[in-house]
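Coordinates in review
In case you want the letters, here they are:
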Number of protein chains: 2
Amino acid sequence: MRDLEERIKKDGKVFEGNILKVDSFLNHQIDIDLLSAIADDFYSKFAGCNINKILTIEASGIAMAAIVAERFACPLVFAKKSKTSNLKSDVYSCKVDSFTHNCKFDVMVSKDYLCPEDTVLIIDDFLALGNALKGLIDIVKQSGASLAGCGIAIEKGYQGGGDALREQGYRIESMAIVESMDPATGSIVFRNQV
Amino acid sequence: MRDLEERIKKDGKVFEGNILKVDSFLNHQIDIDLLSAIADDFYSKFAGCNINKILTIEASGIAMAAIVAERFACPLVFAKKSKTSNLKSDVYSCKVDSFTHNCKFDVMVSKDYLCPEDTVLIIDDFLALGNALKGLIDIVKQSGASLAGCGIAIEKGYQGGGDALREQGYRIESMAIVESMDPATGSIVFRNQV
């Protein structure tokens, strides 16, 4: 999506250690016009898939997922993170490795909010190694719901998480796929998705 | 707001210890139609206040704040919570006592995203003792921005946080104000706001 790629080039900041900061428009301050355009694009890609539930994970994916849920006129469920492991029997859960925070955490969704009759679209702002996404996919599987696909704002293509999931047959739609970044020059190269 | 009050009566669950669970439609699974109606109502209450920024706090307020920001066609900023206290000089911050989690945490907003030229509407899903809200108000003050008011979905009126802030002159608009709850019967009484 050209608007997002241009915005990343203009306002994204590249740091050592594969860090791309997009705090000014995606995950601290959020440009709602950009988010609306992204939500419209996800809607056009997944319309006709009978999606009746949007699933995301707290916290920074929630804003985009809410706008997407508005487009699909369906409920949004956000998975909760927990560092305690006193999981209850009434939740679907899995363990996720955090690349950003260098720790493991549990991700939970109440069994009340996903069921075999659901068709789910997973939405998240970032996809790198794909750990969070794999956790959400696992939770959808546990629930017996159908997974229509995953909509991501920014995928770091060079970290391989998205392509590994595509090879397993999952539909992963990313609005911008970063193929390489150079912290010395700040330059960013995107995958051609035409 | 009658729709929200009726929904709380129908699907809210009252537990000992002043706990009102609204996980099925407000802060785990989110009913987007209800959120849209709430956002429309906030828009009509605060239209004409020249609001150019919505401020909320992660995580469960983000969905509502995103839909409200869409109505005002302005950016959303969400304050981040942190348990570490290595605060940087480039953030506004304050300490908040968590009633839910029985701990203190730091709340931060980058200085890049609030400035004296901004007119801010604070949005959150819950208001009880008002600790999180006081923290957000403090951050707005630190930034020199103007505060138009605060829009809350559910206020627990009997915990007094909202009325204390109203007495200090802040405009606090709550879509539903719970005056009393009875965990034995599940009954909930709302403040008449006509």
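Turning next to the interface of chain A and chain B. How big an interface is tends to be reported as the loss of accessible area on association of its parts. Facing the 29 residues of chain A at the interface are 29 residues of chain B. For the chain A and chain B pair, buried surface summed over both sides reaches about 2,500 Å², with 61% attributable to carbon and sulfur atoms. Taken together, chain A and chain B are joined by two salt bridges. One salt bridge in this structure joins R71 of chain A and E70 of chain B, with 3.1 Å as the shortest N-O distance. For the pair chain A and chain B, the interface holds 16 residue pairs in polar contact (both at pLDDT 80 or more).

Another aspect to go through is the relation of the copies chain A and chain B. When chain A is fitted to chain B, the residual RMSD is 0.0 Å, and the transformation amounts to a turn of 180° plus an axial shift of 0.0 Å. This pairing of chains is accounted for by a two-fold axis.

A few words now on the pattern of salt bridges. Inspection of the entire model under this criterion finds 30 salt bridges over all chains. Close ionic contact of D23 of chain B with K21 of chain B constitutes a salt bridge, the shortest N to O distance being 3.5 Å. The buried category is assigned to D23 of chain B, whose relative accessible area is 18%. The network of salt bridges with common partners includes D40, E70 and R71 of chain A together with D40, E70 and R71 of chain B.

Before going further, it helps to spend a moment on the environment of A79 of chain B. Residue and element names in this part refer to chain B. By the secondary structure assignment, A79 is in strand β5 (residues 76-82). Residue A79 is classed as buried on the basis of its relative accessible area of 0%. Between the C-alpha atom of A79 and that of D163, which follows or precedes it by 84 residues, the distance is 23 Å. Not counting chain neighbours up to four residues away, the residues in contact with A79 comprise L55, T56, I57, E58, V107, M108, V109 and L136.

Residue and element names in this part refer to chain B. Taken as a whole and assessed by the stated rule, the structure comprises two aromatic pairs over all chains. Pairing Y43 with F72 gives two aromatic rings, centres 4.8 Å apart and planes at 65°, and the pair type is edge-to-face. Of this pair, Y43 sits in helix α2 (residues 32-46) while F72 sits in helix α3 (residues 62-72); the two residues are 29 residues apart in sequence, bridging distant segments of the chain. For Y43, a relative accessible area of 36% puts it in the partly exposed group. A residue is classified by how much of its surface remains accessible, and F72, at 13% relative accessible area, is buried.

Glancing now at the environment of F25 of chain A. All names here are of chain A. In this fold, F25 is placed in the loop between β2 (19-21) and β3 (29-30). Taking the relative accessible area as the measure of exposure, F25 reaches 0% and is therefore buried. Excluding anything up to four places from it in sequence, F25 contacts L4, R7, I8, D11, G12, I30, D31 and L34.

All names here are of chain B. Two elements in contact, α2 and α3, have axes whose closest approach is 9 Å; the angle formed by their N-to-C orientations is 50°. The pairing of α2 with α3 is recorded here as oblique in orientation. For the element pair α2 and α3, the recorded crossing hand is right-handed. Mapping the contact onto sequence places L35, S36, I38, A39, D40, F42, Y43 and F46 in α2 and A63, M64, I67, V68, R71 and F72 in α3.

Throughout this description, disulfide means a covalent bond between two cysteine sulfur atoms. Applying the stated criterion to the full structure yields zero disulfides over all chains. The thiol of C94 of chain A is unpaired, and the distance to the nearest cysteine sulfur, on C150 of chain A, comes to 13 Å. A disulfide-free cysteine, C115 of chain B has its sulfur positioned 13 Å from the sulfur of C74 of chain B, the nearest such atom. Assessed through its relative accessible area of 29%, C115 of chain B is described here as partly exposed.

A cis geometry characterises the amide bond from E58 of chain A onward to A59 of chain A, with omega recorded as 0°. The topology assignment puts A59 of chain A in the loop between β4 (53-57) and α3 (62-72). A positive phi is found at A73 of chain B, a non-glycine position, where the angle reads about 50°. Looking at where A73 of chain B falls in the secondary structure, it is placed in the loop between α3 and β5. Using a relative accessible area of 54% as the deciding quantity, one classes A73 of chain B as exposed.

Moving on: α3 of chain B. Residues and elements named next belong to chain B. Counted residue by residue, α3 has ten buried out of eleven residues, so it is predominantly covered. Along α3, the residues that are buried comprise I62, A63, M64, A65, A66, I67, V68, A69, E70 and F72. Phi turns positive one or two residues past the end of α3, at A73, with a value near 50°.

Conventions we followed
- Residues numbered from 1 in each chain as written.
- Chains lettered and ligands numbered in written order.
- Predicted model: local features only at pLDDT ≥ 70, side-chain atom pairs only at ≥ 80, totals over all residues.
- Heavy atoms only, no water.
- Contact = heavy atoms within 4.5 Å.
- Buried area = accessible area lost by both parts, 1.4 Å probe.
- Salt bridge = Lys/Arg side-chain N within 4 Å of Asp/Glu carboxyl O.
- Polar contact = N/O pair within 3.5 Å; in protein donor to acceptor, adjacent residues only side chain to side chain.
- Least-squares fit on C-alpha atoms with pLDDT ≥ 70 in both.
- Buried < 20%, exposed > 50% of the residue type's maximum accessible area, 1.4 Å probe, protein only.
- Helix = DSSP H or I, 4+ residues; strand = E, 2+ residues; numbered from the N terminus.
- Phe/Tyr/Trp six-rings, centres within 6.5 Å; stacked < 30°, edge-to-face > 60°.
- Axes fitted to C-alpha atoms, helices over the stretch in contact; angles between N-to-C directions.
- Parallel < 35°, antiparallel > 145°, perpendicular 65-115°, else oblique.
- Left-handed = near helix turned anticlockwise from the far one by under 90°.
- Disulfide = S-S within 2.5 Å.

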